[in-house]
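These are the residues of each chain, in order.
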Amino acid sequence: MRTFAKSTKLDNVCYDIRGPVMDEADRMIANGEKILKLNIGNPAPFNFNAPDNILKAMTDNLRNAQGYSASKGVAEAREAILKYHLGKGLKVAGIEDIYTGNGVSELIVMVMQGLLDNGDEVLLPAPDYPLWTAAVSLSGGTAVHYACDEQSDWYPDIADMEKKITDKTKAIVVINPNNPTGSVYPREILEQIVKLARKHELIIFSDEIYDRLLMDGVEHTSIASIDPDLFCVTFNGISKSHMSAGFRAGWMVLSGDKSNVGGYIEGLNMLSSMRLCSNVQAQYLIPEALKGTGAPDKELLPGGRIYEQRECIYTLLNDIDGISAVKPKAAFYIFPKIDAKRFNITSDEQFVLDFLREKKVLLVSGTGFNVSTPDHFRIVYLPEIDQLKYSMGELKDFLRTYKQAP
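Residues numbered from 1 in each chain as written. Predicted model: local features only at pLDDT ≥ 70, side-chain atom pairs only at ≥ 80, totals over all residues. Heavy atoms only, no water.

## Here we look at the overall build of the protein
Our working definition: Numbering of helices and strands runs from the N terminus; a helix is a DSSP stretch of H or I covering at least four residues, while a strand is a stretch of E covering at least two. The globule rule is 2.2 Å times the number of residues to the power 0.38, and the radius of gyration it is compared with is taken over C-alpha atoms. Only protein chains enter the accessibility calculation, which uses a 1.4 Å probe. A residue is then buried if its area is under 20% of the maximum for its type, exposed if over 50%, and partly exposed in between. In this description, contact between two residues means that some pair of their heavy atoms is separated by no more than 4.5 Å. Surface accessibility follows the Shrake-Rupley procedure with a 1.4 Å probe radius. Residue values consider only the protein chains on display as shielding. Note on charges: Lys and Arg go in the positive column, Asp and Glu in the negative column, and His and the chain ends are not counted at all. Think of each charge as sitting on NZ of Lys, CZ of Arg, CG of Asp or CD of Glu.
Check the secondary structure of the protein and you find 13 helices and 15 strands. Taken over C-alpha atoms, the radius of gyration comes to 21 Å for the protein, in line with the 22 Å a tight globule of 406 residues would show. Split into buried and exposed, the 406 residues of the protein put 57% on the buried side. Restricting to contacts in the protein with at least 6 residues of sequence separation, those with at least 24 account for 75%. With an accessible surface of roughly 16,800 Å², the protein has 50% of that area assigned to carbon and sulfur atoms. Counting 44 positive and 53 negative side-chain charges, the protein places the centres of these two groups 2 Å from one another.

What follows is the structure, given as structure tokens:
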């Protein structure tokens, strides 16, 4: 039986999540140029506001939030999280298996710091949310990326995943719903991943921050519910679903059989205590946020902003010669493919940089999400439809004459 010991070792791994494109955008902004940002999933700049009940919960609890909470979080918040995930079919013993965080990002780093020693490997999707790869690298591990198939709605390639498992592999990361593709994985795909984790005695880390941002009637299955005895760590929060990214309210849930991961959990408890606690004021938003998780958000239904902006950007992209895109089913990202041969693209970062300089529209290159070929980019479709039409008109005009310099 594989065992998981605690480890908090960090190597001096340099990982620049900004890069030359963001540096150039900052320079242009500092010079007074106006940039249309389609690069970051931050709802606030595009007039998506946190619901009034969330704001009220924050102000009503100001006095309660003056001191530190327990390192894992206030009991009220963790009880609400427990109820939510029990409702999704997870086998969670109690609130001691729930940790609040300053957003999910903090917790991603924490779980990798607690798990990895030099040379340990973690399987991650390609494309992925790049913080996962960074957290693995910074924790001394090696990120190994498994393919997701664009021709099959960006679902994980199970054969590729299994081929990349070695005796150094510690865990599989699943991002579902997925950032950057907007894909939502069907149960049968998740069942195959669970089977692999069982066979090779691997932990599953499941990033489900977008599980309440679903469209087209699709349903989300939490992978931890498929085999309730398999040890899983599930991540979620209210930054996206409740348009409150700045409040930094996230959490992780340990579920399944913990008998073989005692040392790892001890390490997580130590790391949790070392940062004292997460933002206490934001923790008090969680019970209020999780009260209304039954009915779909009207913004995700036909006529709603996110739905209509998704329809708009999908149509506009596929109308540009040399661009194709799979329609996302969740979140607010789309991950188009560009005909690299047609435009002589050998560096997608250079393509994004050239477009930024000429048209003042900021995208993110696909290799920033750890895809191996320079032929994708991500768009955040939070801006209103007139801005999306403008930006895609600029992209269409740009590509009429664009050939990347050798």
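## As for the sheet that holds strand β14 (residues 364-365)
Backbone hydrogen bonds hold the strands of a sheet together, and the pairing may be parallel or antiparallel. The condition that has to hold: Strand pairing requires that DSSP identify at least two bridges connecting the strands.
Reading across from one edge, β11-β15-β14 is the order of the three strands in this open sheet, with antiparallel pairing throughout. The sheet terminates laterally at β11 (333-334) and β14, the two strands that pair on one side only. The pairing of β14 with strand β15 (residues 377-380) spans two bridges and is classified as antiparallel. Bridging from a neighbouring strand, valine 364 pairs with arginine 378 of β15.

## A few points about the environment of glycine 87
By the element assignment, glycine 87 lies in helix α3 (residues 75-87). When the C-alpha positions of glycine 87 and serine 225 are compared, they lie 9.8 Å apart, and in sequence the two are 138 residues distant.

## Section: the sheet that holds strand β6 (residues 169-175)
The cut-off we apply is this: Only C-alpha atoms enter the line fits that serve as axes; for helices the fit covers just the stretch in contact. Angles between N-to-C directions range over 0 to 180 degrees.
Reading across from one edge, β2-β9-β8-β7-β6-β3-β4-β5 is the order of the eight strands in this open sheet, with mixed pairing throughout. At either end of the open sheet lies a strand with only one pairing partner, and these are β2 (98-101) and β5 (155-156). Where β2 lies against strand β9 (residues 250-255), four bridges are found, and the strand directions are antiparallel. Bridge pairing in β9 links threonine 100 to tryptophan 251. Running at roughly 115° to β2, α3 makes contact with β2, β8 (232-237) and β9 of the sheet. Its contacts with the sheet put helix α4 (residues 103-115) on β2, β3 (121-126), β6, β7 (203-207), β8 and β9, and the angle it makes with β9 is roughly 40°.

## With respect to helix α5 (residues 130-138)
Most of α5 is tucked away, with seven of its nine residues classed as buried. Those residues of α5 that sit buried are Pro130, Trp132, Thr133, Ala134, Ala135, Val136 and Ser137. After α5 finishes, the residue glycine 140 shows a positive phi value of roughly 90°.

## Overview of the side chain of glutamine 283
To keep it simple, the criterion reads: Here a polar contact is recorded for every N or O atom pair within 3.5 Å, except that within protein the pair must consist of a potential hydrogen donor and a potential acceptor, and residues adjacent in sequence are included only if both atoms are side-chain atoms.
As for its placement among the helices and strands, glutamine 283 is situated in helix α9 (residues 280-283). Relative accessible area serves as the criterion here: at 1%, glutamine 283 is assigned to the buried category. One polar contact links glutamine 283 to serine 278, side chain to side chain, over a distance of 3.1 Å. Beyond its immediate sequence surroundings of up to four residues, glutamine 283 is in contact with Ser69, Gly73, Val74, Ala77, Thr100 and Ser278.

## Considerations on the environment of glycine 103
Its place among the elements puts glycine 103 in helix α4. In sequence terms glycine 103 and isoleucine 379 are 276 residues apart; their C-alpha atoms lie 22 Å from each other. For glycine 103, the residues in contact, after removing those within four places along its chain, are Arg248, Ala249 and Gly250.

## A closer look at unusual backbone geometry
A cis amide bond, omega 10°, links alanine 126 with the succeeding residue proline 127. You can see proline 127 is positioned in the loop between β3 and α5. Geometrically, the link from asparagine 176 to proline 177 is a cis peptide bond, its omega value of -5° lying close to zero. The residue proline 177 is located in the loop between β6 and α7 (187-200) in this model. Positive phi, close to 70°, is recorded for leucine 276, a residue that is not glycine. For leucine 276, the position within the fold is in the loop between α8 (262-274) and α9. One non-glycine residue, asparagine 370, lies in the positive phi region at around 70°. As for its placement among the helices and strands, asparagine 370 is situated in the loop between β14 and β15.

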